[in-house]
Amino acid sequence: MSVILPNLPAASVRVSEIVNKLPEREQIESAAALHGTPVMLLDCDVIRSQYRALRQALPEAAAHFALKPLPHPAVVKTLLQEGANFDLATNGEVDLVRAAGVSGKRTIHTHPIKRDSDIRHALEYGCTVFVIDNFNELEKFSKYRDQAELLIRLSFRNADAYSDLSKKFGCSPDGALELIQQAYQLGIRIKGLSFHVGSQTADPQKYVTAIQTCGDVFRRVSELGLPKLSTLDIGGGFPVHYIDKVMSIGEFCVPIRQALAEFPESVDVISEPGRFIVAPAIISVASVMGQAERDGKTWYYLDDGLYGSYSGMIYDHAVYPVEALHTEGELYPSVLAGPTCDSIDVISEDIMLPKLKNGDLVIGRMMGAYTAASASEFNFFPKAKIVVLNEPSDLL
Ligand SMILES: *Cc1c(COP(=O)(O)O)cnc(C)c1O
């Protein structure tokens, strides 16, 4: 079966053991020399340590990795070996995890709006838990009532997040109760509630409020004598350190754990981390294509930019730590631009850099989440190739 990965670079390569052990700067130089630029270095060891850090910080919540920020087979295989579960939203994501050998039982489907063909595609794979937030969607499950169980997504708005994921999706607590009653009448099983407090949420109180509101809905469901809810899905949103410092994941999860302690032990708690697992795992590498002096600054034109790996600056509102690979020498106010003919394609208007020659390398850190996933080949500039470091062997 062929897997279609519409948003991924055409080529993705794994490197030899020798390259895995090189110091970072030499890894970057050898990847650029071997594969050309733009190139991204995806380090599976970082995926492992992020997953373990989150599991340790929040042991009560089984983590379902949300594929959306970096739908890459090496990430899926690494996390599968770590014992993770997976959060899917589209047929492409279903195909990717299936090809990586993930059992459907380890997955949930969390797109609140699905076509009948999407539901069937996931069910045929073996994924049986779906998310809904409205009656139109609930009715679609009447004919699958024997196979599927549902989570109802609540909305909690968050203007401070990089991406507020409750504007487009989610219902109110009263709306959830109404859906639960309607589902009962239709004979459709409701497993529990879910929410997403917004991606890159810096304040854990957002989770606490959402968890407490869900607690109220759980209680009202029992008071009404409806079948008890068994699952609370606290979504993704866990923050990482780009430029502005964020709490460590351990500290971040303390109030979340306290809020979860109010739920009976019989309730299964799950999470859907995306960004936290993958953001620190990629360093992007671009080369200087040319340069010009404009208004007292040196403009460097790179072979990667806002239409490529840096697309998250537009879609995700992220700002990445960017630097020259070789930082020796005096620094000058500079501009870093992408390769396309569009003037919006500027990575940084004001960055201090040493004098760079054409061909010199510029790296972006923390570029694993919402970068390659939303890159395009506008103007025919190819997307960065992904080079995989410390990839798991296929022998499980
Ligand atoms: C995008 C998304 C996630 C992942 O969110 P992060 O902020 O990257 O952790 C999880 N669940 C759903 C439903 C999503 O849409």
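- The protein chain is annotated in an unreviewed UniProt entry as Ornithine decarboxylase from Candidatus Electronema aureum.
- The UniProt entry for the protein chain carries the following comment under Cofactor (unreviewed entry): "pyridoxal 5'-phosphate".
- Its UniProt record, at the heading Sequence similarities (unreviewed entry), says of the protein chain: "Belongs to the Orn/Lys/Arg decarboxylase class-II family."

1. Considering the overall build of the protein chain
Here is step 1: Within the protein chain, the regular secondary structure consists of 12 helices and 17 strands.
Here is step 2: In terms of overall size, the protein chain behaves like a compact globule, its C-alpha atoms giving a radius of gyration of 22 Å where 396 residues would be expected to give roughly 21 Å.
Here is step 3: If you line up the protein chain on its principal axes, its C-alpha atoms span 70 × 45 × 35 Å.
Here is step 4: In the protein chain, buried positions account for 54% of the 396 residues.
Here is step 5: When contacts within the protein chain are restricted to residue pairs at least 6 apart in sequence, those whose partners lie at least 24 apart make up 72%.
Here is step 6: Just so you have it, the protein chain exposes about 17,400 Å², and 52% of that area is on carbon and sulfur atoms.
Here is step 7: Separation of charge centres in the protein chain, based on 37 positive and 49 negative side chains, amounts to 5 Å.

2. Describing the site of the ligand
Here is step 1: For the ligand, the set of nearby residues contains 14 residues, the closest of which are Lys68, Ser199, Glu272, Arg275 and Tyr370.
Here is step 2: Contact between the ligand and histidine 196: an oxygen atom at 2.8 Å from a side-chain N or O atom of the residue.
Here is step 3: Compared with its free state, where it exposes 390 Å², the ligand has 93% of that area covered by protein.
Here is step 4: Looking at the shell around the ligand residue by residue, the classes come out as three nonpolar, six polar and five charged.

3. Section: the UniProt feature "domain: Orn/DAP/Arg decarboxylase 2 C-terminal" (unreviewed entry) in the protein chain
Here is step 1: UniProt records the feature "domain: Orn/DAP/Arg decarboxylase 2 C-terminal" (unreviewed entry) for residues 280-368 in the present numbering.
Here is step 2: In the segment residues 280-368, helix accounts for 4% and strand for 45%; the C-alpha atoms at its two ends are 6 Å apart.

4. Let's talk about the packing of aromatic side chains
Here is step 1: By the definition in use, this model includes 11 aromatic pairs.
Here is step 2: On the numbers, 6.1 Å between centres and 25 degrees between planes, the contact of tryptophan 299 with tyrosine 301 is stacked.
Here is step 3: Given a relative accessible area of 22%, tyrosine 301 falls into the partly exposed group.
Here is step 4: In this structure an aromatic cluster arises from ring pairing among Tyr162, Tyr242, Tyr310 and Tyr320.
Here is step 5: Over the ring of tyrosine 332 we find lysine 355; its NZ or CZ atom is 4.4 Å from the centre of that ring.

5. Some points on the packing of helix 8 (residues 173-186) against helix 9 (residues 205-223)
Here is step 1: Helix 9 packs onto helix 8 with a crossing angle of 35 degrees between their chain directions and a minimal axis gap of 10 Å. Note that helix 8 runs across helix 9; the crossing there is right-handed. Mapping the contact onto sequence places Pro173, Asp174, Leu177 and Ile180 in helix 8 and Thr213, Val217, Arg220 and Val221 in helix 9.
Here is step 2: Tallied by class, the residues present in the contact of helix 8 with helix 9 amount to five nonpolar, one polar and two charged.

6. Things to note about the pairing of strand 16 (residues 361-364)
Here is step 1: Here strand 16 shows a buried face lined by Leu361 and Ile363 and a second buried face lined by Val362 and Gly364.
Here is step 2: Pairing between strand 11 (residues 282-294) and strand 16: four bridges, direction antiparallel. Across the sheet, serine 284 pairs through a bridge with glycine 364, a residue of strand 16.
Here is step 3: Direction of pairing for strand 13 (residues 322-324) relative to strand 16: antiparallel, over a ladder of three bridges. The residue of strand 16 that forms the bridge with glutamate 323 is isoleucine 363.

7. Some points on the side chain of asparagine 85
Here is step 1: Note that asparagine 85 resides in strand 4 (residues 85-88).
Here is step 2: Among residues more than four places away in sequence, those in contact with asparagine 85 are Ala62, Ala63, His64, Phe65 and Arg106.

8. Re unusual backbone geometry
Here is step 1: The step from threonine 37 to proline 38 runs through a cis peptide bond, and the omega angle for that step is 0 degrees.
Here is step 2: Relative to the helices and strands, proline 38 resides in the loop between helix 2 (24-35) and strand 2 (39-43).
Here is step 3: At aspartate 295, a residue that is not glycine, the phi angle is positive and equals roughly 50 degrees.
Here is step 4: Secondary-structure assignment places aspartate 295 in the loop between strand 11 and strand 12 (297-302).
Here is step 5: Given a relative accessible area of 83%, aspartate 295 falls into the exposed group.
Here is step 6: One non-glycine residue, tyrosine 370, lies in positive phi territory at about 60 degrees.

9. Observations concerning the pairing of strand 2
Here is step 1: Taking burial as the measure, the five residues of strand 2 include five buried ones, the bulk of the element.
Here is step 2: Residues Val39, Leu41 and Asp43 line one face of strand 2 and the alternating positions Met40 and Leu42 line the opposite face, and both faces are buried.
Here is step 3: Note: strand 2 against strand 11, four bridges, orientation antiparallel. Each bridged residue has a counterpart across the sheet, and for leucine 41 the counterpart in strand 11 is isoleucine 283.
Here is step 4: Pairing of strand 2 with strand 17 (residues 385-389) involves five bridges; the strand directions are parallel. If you follow aspartate 43 over to strand 17, its bridge partner there is leucine 389.

What counts, and at which threshold
- Residues numbered from 1 in each chain as written.
- Predicted model: local features only at pLDDT ≥ 70, side-chain atom pairs only at ≥ 80, totals over all residues.
- Heavy atoms only, no water.
- UniProt positions renumbered as here; feature names shortened; annotations may be inferred.
- Helix = DSSP H or I, 4+ residues; strand = E, 2+ residues; numbered from the N terminus.
- Rg over C-alpha atoms; globule rule 2.2 N^0.38 Å.
- Buried < 20%, exposed > 50% of the residue type's maximum accessible area, 1.4 Å probe, protein only.
- Contact = heavy atoms within 4.5 Å.
- Areas by Shrake-Rupley, 256 points an atom, 1.4 Å probe, with all protein chains shown as cover.
- Lys, Arg positive; Asp, Glu negative; His and termini not counted.
- Charge placed at Lys NZ, Arg CZ, Asp CG, Glu CD.
- Near = heavy atom within 4 Å.
- Polar contact = N/O pair within 3.5 Å; in protein donor to acceptor, adjacent residues only side chain to side chain.
- Nonpolar A, V, L, I, M, F, W, Y, C, P; charged D, E, K, R; others polar.
- Phe/Tyr/Trp six-rings, centres within 6.5 Å; stacked < 30°, edge-to-face > 60°.
- Lys NZ or Arg CZ within 6 Å of the ring centre and 35° of its normal.
- Axes fitted to C-alpha atoms, helices over the stretch in contact; angles between N-to-C directions.
- Left-handed = near helix turned anticlockwise from the far one by under 90°.
- Pairing = 2+ DSSP bridges.

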